[in-house]
Amino acid sequence: GNSVTQMEGPVTLSEEAFLTINCTYTATGYPSLFWYVQYPGEGLQLLLKATKADDKGSNKGFEATYRKETTSFHLEKGSVQVSDSAVYFCASGGGGTSYGKLTFGQGTILTVHP
Amino acid sequence: KAGVTQTPRYLIKTRGQQVTLSCSPISGHRSVSWYQQTPGQGLQFLFEYFSETQRNKGNFPGRFSGRQFSNSRSEMNVSTLELGDSALYLCASSPGGLNTGELFFGEGSRLTVL
């Protein structure tokens, strides 16, 4: 079956530091890939997505590139802010017969200090 | 546009009881998915409904069931509750059809089983 593996957390950074959260996936076929974010006290929301190999998703300064050769979708941001503190989830799925079924990674807690 | 609304937000039950959770999707969205979120297992897919039909099902026992009404609102039911059913239950909606996997999540219903 499909699976998504995220780097172990939690991750603690100082403001303006560079962020990388690793994500790798296994899947049959070519799923879409997503990063979802869960801010404190809020529901999950889509941060960015990529639907095919070599696509780059970007939003709010975050970027991730769909790498088929390494089955990866690492999340990066050049300069994090305190407001980026949240839990980040990598996910695969969508399309084909997957419809609303996504496979999520375990989540990575990010804390950014001033 | 109102977001995904889940009720109740919090509830406490005892072992052996049953519970029904409700989800109102974003207006115009025809697909509703349900996920269970726990610290140990992370986010796990329960099932998805589209136009009142179950379109996908996760790997949960038959105690977990759901349905969707003609107005796209959905309910999920858990019978004979166990301690391990304590979790945050998330509902997500999407327009449906050829789903790209972009889901819009509610804030969840937090179930505690004593």
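Preceding this paragraph is the structure being described.
An account of the accompanying structure is given in this report.

**Thoughts on the overall build of chain A**
Here's step 1: The secondary structure content of chain A amounts to zero helices and 12 strands.
Here's step 2: Secondary structure elements of chain A, listed N to C terminal, follow the sequence β-β-β-β-β-β-β-β-β-β-β-β.
Here's step 3: Here the C-alpha atoms of chain A give a radius of gyration of 14 Å, agreeing with the 13 Å that 2.2 N^0.38 yields for 114 residues.
Here's step 4: Seen through its principal axes, chain A has C-alpha atoms that stretch 45 × 30 × 25 Å.
Here's step 5: Counting across all 114 residues of chain A, residues that qualify as buried make up 46%.
Here's step 6: Within the structure as shown, chain A displays about 5,300 Å² of accessible surface, and the carbon and sulfur contribution to it stands at 49%.
Here's step 7: Considering chain A, the positive charge centre built from 8 side chains and the negative charge centre built from 10 side chains are found 10 Å apart.

**Quick word on the overall build of chain B**
Here's step 1: Counting secondary structure elements, chain B contains zero helices and 11 strands.
Here's step 2: Along its sequence from the N terminus, chain B presents helices and strands in the succession β-β-β-β-β-β-β-β-β-β-β.
Here's step 3: Over its C-alpha atoms chain B spans a radius of gyration of 13 Å, differing by no more than 12% from the 13 Å that the globule rule assigns to 114 residues.
Here's step 4: Structurally, chain B occupies a C-alpha span of about 40 × 25 × 25 Å along its principal axes.
Here's step 5: For chain B, the residues scored as buried account for 52% of the 114 residues in total.
Here's step 6: Partitioning the intrachain contacts of chain B with sequence separation of at least 6 by distance along the chain shows that 55% fall at a separation of at least 24.
Here's step 7: As displayed, chain B has an accessible area near 5,300 Å², and 49% of this comes from carbon and sulfur atoms.
Here's step 8: Here chain B contributes 11 positively and 7 negatively charged side chains, and the mean placements of these two sets differ by 3 Å.

**Observations concerning the sheet that holds strand E3 (residues 19-21) of chain A**
All names here are of chain A.
Here's step 1: The antiparallel open sheet is built from four strands, whose spatial order is E3-E9-E8-E7. This sheet does not close on itself; its edge strands, each paired only once, are E3 and strand E7 (56-59). Ignoring which end each strand starts from, the neighbouring axes of this sheet average 15 degrees apart.
Here's step 2: As paired elements, E7 and strand E8 (residues 62-65) share four bridges and run antiparallel to each other.

About the criteria used
- Residues numbered from 1 in each chain as written.
- Chains lettered and ligands numbered in written order.
- Predicted model: local features only at pLDDT ≥ 70, side-chain atom pairs only at ≥ 80, totals over all residues.
- Heavy atoms only, no water.
- Helix = DSSP H or I, 4+ residues; strand = E, 2+ residues; numbered from the N terminus.
- Rg over C-alpha atoms; globule rule 2.2 N^0.38 Å.
- Buried < 20%, exposed > 50% of the residue type's maximum accessible area, 1.4 Å probe, protein only.
- Areas by Shrake-Rupley, 256 points an atom, 1.4 Å probe, with all protein chains shown as cover.
- Lys, Arg positive; Asp, Glu negative; His and termini not counted.
- Charge placed at Lys NZ, Arg CZ, Asp CG, Glu CD.
- Contact = heavy atoms within 4.5 Å.
- Pairing = 2+ DSSP bridges.
- Axes fitted to C-alpha atoms, helices over the stretch in contact; angles between N-to-C directions.

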